[in-house]
Protein chains: 6
Amino acid sequence: MRIDGRRLDQARQTRIQPGILATAEGSALIESGNTKIICAATVDDKVPGFLRGTGRGWVTAEYGMLPRSTNTRKAREGLRGRPSGRTSEIQRLIGRSLRAAVDLERLGERTIIVDCDVLQADGGTRTASITGGWVALAIAIQQLVPYEAIRTTAIRRYVAAISVGIVDGTTMLDLCYEEDSRAGVDMNVVMTSEGEFVEVQATAEGQTYTKGQLDAQLQLAQSGIESLIAAQRKLVDFS
Amino acid sequence: MRIDGRRLDQARQTRIQPGILATAEGSALIESGNTKIICAATVDDKVPGFLRGTGRGWVTAEYGMLPRSTNTRKAREGLRGRPSGRTSEIQRLIGRSLRAAVDLERLGERTIIVDCDVLQADGGTRTASITGGWVALAIAIQQLVPYEAIRTTAIRRYVAAISVGIVDGTTMLDLCYEEDSRAGVDMNVVMTSEGEFVEVQATAEGQTYTKGQLDAQLQLAQSGIESLIAAQRKLVDFS
Amino acid sequence: MRIDGRRLDQARQTRIQPGILATAEGSALIESGNTKIICAATVDDKVPGFLRGTGRGWVTAEYGMLPRSTNTRKAREGLRGRPSGRTSEIQRLIGRSLRAAVDLERLGERTIIVDCDVLQADGGTRTASITGGWVALAIAIQQLVPYEAIRTTAIRRYVAAISVGIVDGTTMLDLCYEEDSRAGVDMNVVMTSEGEFVEVQATAEGQTYTKGQLDAQLQLAQSGIESLIAAQRKLVDFS
Amino acid sequence: MRIDGRRLDQARQTRIQPGILATAEGSALIESGNTKIICAATVDDKVPGFLRGTGRGWVTAEYGMLPRSTNTRKAREGLRGRPSGRTSEIQRLIGRSLRAAVDLERLGERTIIVDCDVLQADGGTRTASITGGWVALAIAIQQLVPYEAIRTTAIRRYVAAISVGIVDGTTMLDLCYEEDSRAGVDMNVVMTSEGEFVEVQATAEGQTYTKGQLDAQLQLAQSGIESLIAAQRKLVDFS
Amino acid sequence: MRIDGRRLDQARQTRIQPGILATAEGSALIESGNTKIICAATVDDKVPGFLRGTGRGWVTAEYGMLPRSTNTRKAREGLRGRPSGRTSEIQRLIGRSLRAAVDLERLGERTIIVDCDVLQADGGTRTASITGGWVALAIAIQQLVPYEAIRTTAIRRYVAAISVGIVDGTTMLDLCYEEDSRAGVDMNVVMTSEGEFVEVQATAEGQTYTKGQLDAQLQLAQSGIESLIAAQRKLVDFS
Amino acid sequence: MRIDGRRLDQARQTRIQPGILATAEGSALIESGNTKIICAATVDDKVPGFLRGTGRGWVTAEYGMLPRSTNTRKAREGLRGRPSGRTSEIQRLIGRSLRAAVDLERLGERTIIVDCDVLQADGGTRTASITGGWVALAIAIQQLVPYEAIRTTAIRRYVAAISVGIVDGTTMLDLCYEEDSRAGVDMNVVMTSEGEFVEVQATAEGQTYTKGQLDAQLQLAQSGIESLIAAQRKLVDFS
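Quick notes on the rules
All chains use their own residue numbering, which begins from 1 and follows the written sequence. Working convention: letters from A go to chains and numbers from 1 go to ligands, in the order in which they are written. Owing to the predicted nature of the model, reporting of local features is limited to residues with pLDDT of at least 70; listing and counting of side-chain atom pairs is limited to 80 or more, with chain, interface and lining totals taken over all residues. Based on all heavy atoms of the structure, the side-chain values leave hydrogens and waters out of the count. Secondary structure is summarised from DSSP: a helix means a run of H or I of at least four residues, a strand means a run of E of at least two, and numbering begins at the N terminus for each. Our radius of gyration is a C-alpha quantity, and the globule rule it is checked against amounts to 2.2 Å times the number of residues to the power 0.38. Burial status follows relative accessibility: with a 1.4 Å probe on protein chains alone, a residue under 20% of its type maximum counts as buried, one over 50% as exposed, and anything between as partly exposed. Any two residues having at least one pair of non-hydrogen atoms within 4.5 Å are treated as being in contact. Where accessible areas are quoted, they stem from the Shrake-Rupley method and a 1.4 Å probe; at the residue level, only the protein chains shown are allowed to cover. None of His or the chain ends enter the tally, which takes Lys and Arg as positive and Asp and Glu as negative. By convention, the point assigned to a charge is CZ for Arg, NZ for Lys, CD for Glu and CG for Asp. Between any two strands, pairing holds if DSSP finds at least two bridges. Axis angles are defined between N-to-C directions and span 0 to 180 degrees, where every axis is a line fitted to C-alpha atoms and, for a helix, only to the segment in contact. C-alpha atoms of residues with pLDDT of at least 70 in both copies form the basis for the least-squares superposition of the copies. Definition of a polar contact: a pair of N or O atoms within 3.5 Å, with one able to donate and the other able to accept a hydrogen when the atoms are protein atoms, and with sequence-neighbouring residues admitted only if both atoms are side-chain atoms. Note on terminology: angles under 35 degrees are roughly parallel, angles over 145 are roughly antiparallel, angles of 65 to 115 are roughly perpendicular, and the others are oblique. Should the near helix be turned anticlockwise from the far one by less than a right angle, the crossing is left-handed, and should it be turned clockwise, the crossing is right-handed. Three classes are used: nonpolar for Ala, Val, Leu, Ile, Met, Phe, Trp, Tyr, Cys and Pro, charged for Asp, Glu, Lys and Arg, and polar for all others, with Gly counted as polar. Note: buried area is the sum, over both parts, of the accessible area (probe 1.4 Å) each one loses when the two are combined. One speaks of a salt bridge when a side-chain nitrogen belonging to Lys or Arg is within 4 Å of a carboxyl oxygen belonging to Asp or Glu. Residues belong to a common nonpolar core when they are buried Ala, Val, Leu, Ile, Met, Phe, Trp, Tyr or Cys residues joined through side-chain atoms within 4.5 Å. Ring pairs shown here join Phe, Tyr and Trp side chains whose ring centres sit within 6.5 Å, with only the six-membered ring taken for Trp; geometry is labelled stacked below 30 degrees between planes, edge-to-face above 60, and tilted in between. In this description, a disulfide is simply a cysteine sulfur pair whose atoms lie within 2.5 Å. pLDDT: the predictor's confidence for each residue, scored from 0 to 100.

### A closer look at the overall build of chain A
Piece 1. When helices and strands are counted, chain A shows 5 helices and 9 strands.
Piece 2. Starting at the N terminus, the α and β elements of chain A follow one another as β-β-β-β-α-α-β-α-β-β-α-β-β-α.
Piece 3. Taken against the 2.2 N^0.38 rule, which gives 18 Å for 239 residues, the C-alpha radius of gyration of chain A at 18 Å falls within 12% of a compact globule.
Piece 4. With respect to the principal axes defined by its C-alpha atoms, chain A has extents near 55 × 40 × 30 Å.
Piece 5. Within the span of chain A, comprising 239 residues, buried residues form 61% of the whole.
Piece 6. For chain A, long-range pairs separated by at least 24 residues make up 70% of all intrachain contacts whose partners lie at least 6 apart in sequence.
Piece 7. Surface summary for chain A: the accessible area is close to 9,200 Å², and the carbon and sulfur share equals 47%.
Piece 8. Put simply, chain A has 29 plus and 29 minus side-chain charges, and the middle of one group is 3 Å from the middle of the other.

As structure tokens, then:
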């Protein structure tokens, strides 16, 4: 039995509220247990230098935590210059994962920036940012079509993510903060609606893990991600 | 008739939802028209250097806007070092205003930091931060009493704020963004439940104003602030 | 009786020495009691992005203090990145105030930057920067005319500023540093030669103030500003 | 056949020259094909705040590239503030990987900093930094023993790393720069002398991958890492 | 004949006005032709880390230019982080030169910071900063004696500096800005009242120079420095 | 007798290995005693703003130290923003010195950047950077000729540098770190193959020096530089 009463293979309750911001082209509030994140997608008509003139688009992400999203206040990054290593690592992961959902040719020379801002954090913020960010991204892209900014939708698949870990020797799905802080292996998995992987990151601290343990974790992750994609499907239908 | 159908002396509908964050000692979501701000109060056992050993406490504030709180995305301040001049000016105003609500002796040597993060912006974010920030602050201070961290509450009065302005020659209360961007005079007023002023800032750009116009604006502000304090009273009773 | 023997409604002796720098298009040394500030105006042929192609000009200001302008040495801001909140707030105030003196259409697409550098500080540096900065600005604009860079002068009025405050319950004009550091209410007023306001900022710290006290302070400020404008008139005649 | 004539399962020639710097407690020059990295280990008697008083030590890493380690000159990070996201991500990976090699209790309250500076880069710099960094780290720790700074060696296992990838649909071991820049899946694997994993990072860009492809890559990585550990064994014997 | 009518071996008129700032422990305004610099000395009771507990003091300097000290406005360094290379080089030179004037043992564990702020620049600002900075420094040290903060004065000699250069093949003393910008060799010499050198810096750009040219320049510099020390002697007598 | 057994007028053994990096247009590893520096020259087709359109080129330098190039680890400058004052001073010196070796007209509108990165430091790193940097620069320029990027070589002379100093009252050539840290006068001399000076910097700390001592040092420097230029001549023949 886990700290919050869940089974080892049970993910937390996830709710996604699309269109939470009147100001953004696409947005969603994702709540996964006590983790709450606002995702907002912006369509920008510029692309990074290496794509100029290629006709191809780009998807990128930014990630932030409100100072009191955590039990102990964290200083605002704004007061310390460049994003920290952790923030930068998360931003790059979210961006890469969401690009896997999009046909960048069909998107045309525009960039979609997905901002993921954590209102309340209880573990799994990077994976929830991917799952919720996909919804904001998809809404922003869908709304480009009717206005004929793009001919057909540039979305090509669903992408969602979840964490798995080994805590005190036991493999479990979707760690909350307290589990995560005691985990010896922490794994983030990003998958598509076709059942393929976009990213696998399995990090040990204070222990190591075998191939068997890696496989067991991947299997748990896959079942969790299937549920999340089912939830996305109810909100956005792009076929 | 105003752009959103209000009378000249009519403030926007304001809702304050206390305790919005499970992670903070005090918190509130304030919505004033389309402006939405999360206020979170943190109790810190340290004080700034000039207060060490005096037995007195301090109240300070930080202010931020989510990148997509506005119709056009704003770059995260985190990527550009120190807070901008505008942010810094707003933070100092909120901090000063909230200090007027507190008996710093009675608070004891601790600092309360009030974070005001704008989820959606439609004018009046600095004044709504003061009004909502007061609620987060008051909750955080109230909860110090039962645990005997302080003997009696250190709150001594309600403090709220509202904007007034002259738009196309007409004086009006509680400007929304579109009115604010066309205003020739922009005024922020902070008052207490005793009907006294904490701060008056009346700024002209592109015109100037007479003493009569100043007085008319102050009168509108006073009536608006009285309603806001009535709302605060329903949420927090510290007598 | 005040600390330096002045009456409550008496401003400090102010001397303005125009043309103090051979290197700048316009300049002035303003001395107000022991406060000494060099103001220098630069004519720049560029305008900020939002004005490009509009035919309109801009006036902006920068403010700095020499490290030993104060009794205790202050670290050079240059060593700590962006200007501090206080500096930034003052710069914005000076810029707004001086823009009220100028017909930006007539100025044409050029920016005038007014640098105010405090050699010695004894209170009232932001208001003296406005009063002295106006002289530097006006000289720089006047010298544009004969060379036909602009057809007629773009100056449309005199603008000056002074501080007022409540110290130990007493309202007084033009606070020196020692009075300012004990003031419960600190007010800066910027007015034009037509007797209208450009800016009123009345800030309480450790007390609050009534409408009657606000009015009394404004009246003192007005008489002080009239004298300062009389001094400006002797130095620059633009009619 | 690969661009440099290697078989798909063939790693590049790796040479490790221990003790390359007279100035550092431990050091090594690792050359893997045309990739050349100087690794230097520093023993510092301080530990990060969260370890103070626990009796436990820490291992951390920094990573840099000389401006002309690449065919096109890269600006020195020193001129742009904080390390970039990529640098920070690599530093964290090297640090985590090397900590898995050390018994932090036995190390005692000291930090070992491993600097990895790339003289010449041709792909695989992060994995070579781990493999070479292990040698510098082990030498620095071994030399603590005779002087009785620690009772017995704090090294508990060998740790090495290698990259694998899918290039144009083909899985191959130890990518050089040209292969890496065309890879659709890029994977870094860190393993111990006991055949367990410390870190698996498999990143897709522009494609996705199946479980079967993941497994094939892991198998290639394992054989490559075994050879690298054999090389480390010849240089440092800690049993 | 030179651009401003001087002979080749003729320095510019130099005036030093001691005690220019009421706020600083020692100060002077030095004017050398059109170059005008405020020098202010601060006595600080702390010393840099490497001197703590040694009983020895330190002298350091900072250097700045007002934005309109030059004919073309220079951006404030404050807006761009760390001091520039040029500023830093000048600060180190002034600091080293002034330390040669002081018996650091006798000064005791205190630091004297000499701020040199250029109001108007016309060449030779670093050498004038040394000559004027010496006066500010000496006044600050002299005033420590009567209050018995130190037993006898810690000043042990006069130190002054001047520039020399080769302009269009001709060697000349004390270059003004226009000469300096055309100089092929630019030399700064710092000497003591005993006729010895503290610093010689002779820099060629676009040409080189012979030993004979070096000697000729040093001789000119020596005669110029003797006059400056004579001026210092009239202002401060420390014997 | 000196600490490492050398005569007072004896320079350390210097070896220069050209072409050390496969990635750079020109490169060299210079070893002078225990000082080891990698110099790499980059040909860039841009020039600084003040040279655009003039047809003239530029040579500039950057200098860095690996964290463990010294016996005590130095923090990476990359983590602290702009280069330090010392680094910036050295970079400017190397750049100026190398420009004296080149005909900038003949070079055409391109910049050569010479990166000098210290692998191991034992005194004299700035002078060794000049001597070794010249080799990297010359190789990069020579290779421009055959490809007809420039018609004839733009190199016009050899340039090398060495340090001299007064240690405990004794003048000696080419100080190692331990001598340098005890030196009362520290001098860096840069000369050409024609026996003329590019730069002389003689700095006293804790003592002063006479004209006679200056001359003695210059003579030692000249003999040391002649040997270094003889070594350069063997590696690069540009006549």
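### So, the sheet that holds strand S3 (residues 35-44) of chain C
Residue and element names in this part refer to chain C.
Piece 1. The 5 strands are arranged S1-S2-S3-S5-S4 in an open sheet whose pairing can be described as mixed. Strands at the two margins of the open sheet, each flanked by one partner only, are strand S1 (14-18) and strand S4 (58-65). Along the sheet, successive strands turn relative to each other by an average axial angle of 20 degrees, direction set aside.
Piece 2. Inspection of the sheet shows S1 paired to strand S2 (residues 26-32) by 5 bridges, in the antiparallel sense. Looking at the pairing, proline 18 lines up with alanine 28 of S2.
Piece 3. Set on the sheet, helix H1 (residues 85-99) makes contact with S4 and strand S5 (111-120); between it and S4 the angle comes to about 145 degrees.

### Re the relation of the copies chain A and chain D
Piece 1. Mapping chain A onto chain D is achieved by rotating through 180 degrees and translating by 0.0 Å along the same axis, at an RMSD of 0.0 Å. Look at the turn and shift together and you get a two-fold axis relating the two. Ranked by how close their C-alpha atoms come to the rotation axis, the residues of chain A are headed by A:Gln201, at 2.2 Å.
Piece 2. A shared binding surface is used by both copies, with 100% of the interface residues of chain A retained as interface residues in chain D.

### What about the side chain of D:Glu199?
Piece 1. For D:Glu199, the location among the structural elements is in strand S9 (residues 197-204).
Piece 2. Within the local environment of D:Glu199, its side chain forms a polar contact with the side chain of A:Thr203, the two groups lying 2.8 Å apart.
Piece 3. Discounting residues that sit within four places of it in the chain, D:Glu199 has contacts with A:Ala202, A:Thr203, A:Tyr209, D:Leu93, D:Arg96, D:Asn188, D:Val189 and D:Val190.

### Describing the relation of the copies chain B and chain C
Piece 1. With an axial shift of 0.0 Å and an RMSD of 0.0 Å, the rotation relating chain B to chain C amounts to 180 degrees.
Piece 2. Most of the interface of chain B is mirrored in chain C: 100% of its interface residues are interface residues there too.

### Some thoughts on the packing of helix H1 (residues 85-99) of chain B against helix H3 (residues 125-142) of chain B
All names here are of chain B.
Piece 1. It is at 10 Å that the axes of H1 and H3 come closest, and there the two elements cross at 40 degrees. If you check the angle between H1 and H3, you find them oblique. Relative to H3, H1 is oriented so that their crossing is right-handed. Between H1, through Arg86, Ile90, Leu93, Ile94, Ser97 and Leu98, and H3, the contact on the second element is made entirely by Thr125, Arg126, Ser129, Ile130, Gly133, Trp134 and Leu137.
Piece 2. Taken together, the residues that form the contact of H1 with H3 break down as 7 nonpolar, 4 polar and 2 charged.

### Looking at the arrangement of the chains
Piece 1. Structurally, chain B and chain D remain out of contact, their C-alpha atoms never closer than 10 Å.
Piece 2. For the non-touching pair chain A and chain E, the nearest C-alpha separation works out to 12 Å.

### So, the interface of chain A and chain D
Piece 1. Contacts between the two partners involve 30 residues from chain A and, on the opposite side, 30 residues from chain D.
Piece 2. A buried area of about 3,000 Å², summed over both sides, lies between chain A and chain D, and 45% of it is on carbon and sulfur atoms.
Piece 3. We note a salt bridge from D:Asp215 to A:Lys211, for which the minimum N-O separation is 2.9 Å.
Piece 4. Inspection of the region where chain A meets chain D yields 18 residue pairs in polar contact (both at pLDDT 80 or more).
Piece 5. Elements supplying a minimum of two residues to the side of chain A that touches chain D: helix H1 (85-99), strand S9 (197-204) and helix H5 (211-235) of chain A.
Piece 6. In terms of residues, the side of chain A that touches chain D owes the most to one element, S9(A), which gives 8 residues.
Piece 7. Its residues assigned to classes, the side of chain A that touches chain D shows 10 nonpolar, 8 polar and 12 charged.
Piece 8. Alignment of S9(A) against S9(D), held across 5 bridges, turns out to be antiparallel.

### Concerning the nonpolar core
Piece 1. A:Trp134 and D:Trp134 are the most contacted members of the largest nonpolar core, which has 136 residues in total.
Piece 2. Leave out the neighbours within four places in its chain, and D:Trp134 touches D:Leu98, D:Ala101, D:Ser129, D:Ile155, D:Arg157, D:Tyr158, D:Val159, D:Gln232, D:Val236 and D:Phe238.

### With respect to the interface of chain B and chain C
Piece 1. At the junction of the two partners, chain B supplies 30 residues and chain C supplies 30 residues.
Piece 2. Of the roughly 3,000 Å² buried where chain B meets chain C, counting both sides, 44% is carbon and sulfur surface.
Piece 3. Counting the contacts that link chain B with chain C gives 6 salt bridges.
Piece 4. For the pair chain B and chain C, the interface holds 18 residue pairs in polar contact (both at pLDDT 80 or more).
Piece 5. Of all the secondary structure elements, the ones that give two or more residues to the side of chain B that touches chain C are H1, strand S9 (197-204) and helix H5 (211-235) of chain B.
Piece 6. The element contributing the most residues to the side of chain B that touches chain C is S9(B), with 8 residues.
Piece 7. Looking at the side of chain B that touches chain C residue by residue, the classes come out as 10 nonpolar, 8 polar and 12 charged.

### Comments concerning the packing of aromatic side chains
Residue and element names in this part refer to chain A.
Piece 1. Taken as a whole and judged by the stated rule, the model has 30 aromatic pairs over all chains.
Piece 2. Measuring from ring centre to ring centre gives 4.7 Å for tryptophan 134 and tyrosine 158, while their planes differ by 35 degrees; the resulting arrangement is tilted. Of this pair, tryptophan 134 sits in helix H3 (residues 125-142) while tyrosine 158 sits in the loop between H3 and strand S6 (159-167), and the two are 24 residues apart along the sequence. Residue tryptophan 134 shares its accessibility class with tyrosine 158, and that shared class is buried.

### Focus on the state of the cysteines
All names here are of chain A.
Piece 1. Evaluated as defined, the whole model comprises 0 disulfides over all chains.
Piece 2. In this structure cysteine 39 is a free cysteine whose sulfur lies 4.2 Å from that of cysteine 116, the closest cysteine sulfur available.
Piece 3. Taking the relative accessible area as the measure of exposure, cysteine 39 reaches 0% and is therefore buried.

### Section: the sheet that holds strand S2 (residues 26-32) of chain A
All names here are of chain A.
Piece 1. Within the open sheet, the 5 strands sit side by side as S1-S2-S3-S5-S4. Their pairing is mixed. A strand with exactly one partner marks an edge of an open sheet, and here the two such strands are strand S1 (14-18) and strand S4 (58-65). Across the sheet, the mean angle separating the axes of adjacent strands is 20 degrees when strand polarity is ignored.
Piece 2. With 7 bridges joining them, S2 and strand S3 (residues 35-44) adopt antiparallel strand pairing. Counted as the bridge partner of serine 27 is alanine 40 from S3.
Piece 3. Taken strand by strand, H1 contacts S4 and strand S5 (111-120), and its axis lies near 145 degrees from that of S4.

### Points about the confidence of the model for chain A
As a note on interpretation, predicted positions should not be read in detail where pLDDT is low.
Piece 1. With 98% of its residues at a pLDDT of at least 70, chain A reaches an overall mean of 94.
Piece 2. This prediction of the complex comes with two scores: 0.90 for pTM and 0.94 for ipTM.

### Structural notes on the pairing of strand S5 (residues 111-120) of chain E
All names here are of chain E.
Piece 1. Most of S5 sits out of view: 10 of its 10 residues are buried.
Piece 2. Where strand S3 (residues 35-44) lies against S5, 9 bridges are found, and the strand directions are antiparallel. Pairing of cysteine 39 across the sheet is with cysteine 116, part of S5.
Piece 3. With 8 bridges joining them, strand S4 (residues 58-65) and S5 adopt parallel strand pairing. Pairing of threonine 60 across the sheet is with isoleucine 113, part of S5.

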